[in-house]
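Commentary on secondary and tertiary structure
The primary structure of each chain is shown beneath.
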Amino acid sequence: MSTPALRRLMRDLLPWQEDPLVGVSGAPSENNIMQWNAVIFEPDGTPFEDVYADGSICLDTLQDRRSPTYDVSSILTSIQSLLDEPNPNSPANSQAAQLYQENKREYEKRVSAIVEQSWNDS
């Protein structure tokens, strides 16, 4: 079965396999090209932020600004940039955004503790 979406995902996948992104790894699941698994590493020296507990992402290119001009690698790169520069004006977590704006040092301390705890829980 060939649909425009399937053709697009195959077109996105081929260059990525030849020239992988730094800090981002991903591929479609074995049995379904419409379902992808990705790992995004945070840039050095930054805490992990702006991800909902259920794994949802608050990113306009995935919501109200979707466009065919965004390929898989550009979307993953956008997600990765949120790790370096969270957007407190469009937060996934309003309390975290407020803390980020008011006390960045405490914000980074709390995020680091949460990330460490998530590693211990897994």
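Residues numbered from 1 in each chain as written. Predicted model: local features only at pLDDT ≥ 70, side-chain atom pairs only at ≥ 80, totals over all residues. Heavy atoms only, no water.

1. A closer look at the overall build of the chain
Looking only at helices and strands, one finds four helices and two strands in the chain. Residue pairs in contact within the chain that sit at least 24 positions apart in sequence constitute 54% of those at least 6 positions apart. (Helix = DSSP H or I, 4+ residues; strand = E, 2+ residues; numbered from the N terminus. Contact = heavy atoms within 4.5 Å.)

2. Observations concerning the packing of aromatic side chains
By the definition in use, this model includes one aromatic pair. With 4.9 Å between their ring centres and 80° between their planes, Tyr-100 and Tyr-107 make a pair best called edge-to-face. Tyr-107 matches Tyr-100 in its accessibility class, with the two residues each being buried. (Phe/Tyr/Trp six-rings, centres within 6.5 Å; stacked < 30°, edge-to-face > 60°. Buried < 20%, exposed > 50% of the residue type's maximum accessible area, 1.4 Å probe, protein only.)

3. Some words on the pattern of salt bridges
Taken as a whole and judged by the stated rule, the model has three salt bridges. With a shortest N-O distance of 3.9 Å, Glu-106 and Lys-109 are connected by a salt bridge. Highlighted residues: Glu-106 and Lys-109, both in helix H4 (residues 104–121), separated by three residues, approximately one helical turn. In this structure Glu-106 comes out as partly exposed when scored by relative accessible area, which is 22%. Of the residues examined, Lys-109 reaches a relative accessible area of 57% and is grouped as exposed. With its nearest N and O atoms 3.0 Å apart, the salt bridge here joins Arg-110 to Glu-106. In this pair, Arg-110 and Glu-106 are both assigned in helix H4, four residues apart and thus about one turn of the helix distant. (Salt bridge = Lys/Arg side-chain N within 4 Å of Asp/Glu carboxyl O.)

4. Re the pairing of strand S1 (residues 24–29)
Judged from the six bridges that link them, S1 and strand S2 (residues 32–40) form a sheet pairing that is antiparallel. Bridge pairing in S2 links Ala-27 to Asn-37. If you look at the hairpin formed by S1 and S2, you'll find two residues sitting between the two strands. (Pairing = 2+ DSSP bridges.)

5. Thoughts on the confidence of the model for the chain
The pLDDT averaged across the chain works out to 79; a share of 84% of its residues lies at or above 70. Here helix H2 (residues 72–84) is the element of the chain with the lowest mean pLDDT, 81, and helix H3 (residues 94–102) is the one with the highest, 90. (pLDDT = per-residue confidence, 0-100.)

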